[in-house]
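Topology and contacts: notes
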Amino acid sequence: MSGHQHIEPICVGINDAARMIGVGRTKLYELISAGELETVKIGNATRVTTASLHALVMRLSVASR
């Protein structure tokens, strides 16, 4: 058995990050500028950490209660 395990990425590109939380690129860049999302640079590419995406959704979820 050569079972391939699903590995969740620790960071994603801008387009994927925006899609994951259901916003456009402009809104995603606003969230990054406001310090709401953590990014890393890999070469010239900007990546958003999935942990910061999850944390943002959790903060907004708690705040809306």
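Residues numbered from 1 in each chain as written. Predicted model: local features only at pLDDT ≥ 70, side-chain atom pairs only at ≥ 80, totals over all residues. Heavy atoms only, no water.

**Observations concerning the overall build of the protein**
Within the protein, the secondary structure is distributed over 3 helices and 3 strands. Moving toward the C terminus, one meets the helices and strands of the protein in the order β-α-α-β-β-α. Compactness check: the protein gives a C-alpha radius of gyration of 14 Å against a globular reference of 11 Å for 65 residues, more than 25% above the reference. Its C-alpha atoms put the protein at 45 × 35 × 15 Å along the principal axes. Here the protein holds 65 residues, and the buried ones make up 23% of them. Excluding contacts between residues fewer than 6 apart, the proportion of contacts in the protein whose partners are at least 24 apart in sequence is 45%. Of the roughly 4900 Å² of accessible surface on the protein, a fraction of 56% belongs to carbon and sulfur atoms. (Helix = DSSP H or I, 4+ residues; strand = E, 2+ residues; numbered from the N terminus. Rg over C-alpha atoms; globule rule 2.2 N^0.38 Å. Buried < 20%, exposed > 50% of the residue type's maximum accessible area, 1.4 Å probe, protein only. Contact = heavy atoms within 4.5 Å. Areas by Shrake-Rupley, 256 points an atom, 1.4 Å probe, with all protein chains shown as cover.)

**Here's the deal with the nonpolar core**
Counting 11 residues, the largest nonpolar core consists of V12, I14, A17, A18, L28, L31, I32, L37, V48, L53 and L56. Elements with a contribution of two residues or more to this core: α1 (14-21), α2 (25-33) and α3 (50-63). Look past the residues within four positions of V48 in its chain and what remains in contact with it is I10, C11, V12, I14, A17, L28, I32, L37, E38, T39 and L53. (Core = buried A, V, L, I, M, F, W, Y, C linked by side-chain atoms within 4.5 Å.)

**Examining the sheet that holds strand β2 (residues 39-42)**
The 3 strands lie next to each other as β1-β3-β2, forming an open sheet whose pairing is antiparallel. The sheet terminates laterally at β1 (11-13) and β2, the two strands that pair on one side only. Taken over all neighbouring pairs, the strand axes of this sheet differ in orientation by 40° on average, direction set aside. Two strands pair when backbone bridges link them, and β1 and strand β3 (residues 45-49) are joined in this way by 3 bridges, in the antiparallel orientation. Opposite G13, over in β3, you have R47 as the bridge partner. (Pairing = 2+ DSSP bridges. Axes fitted to C-alpha atoms, helices over the stretch in contact; angles between N-to-C directions.)

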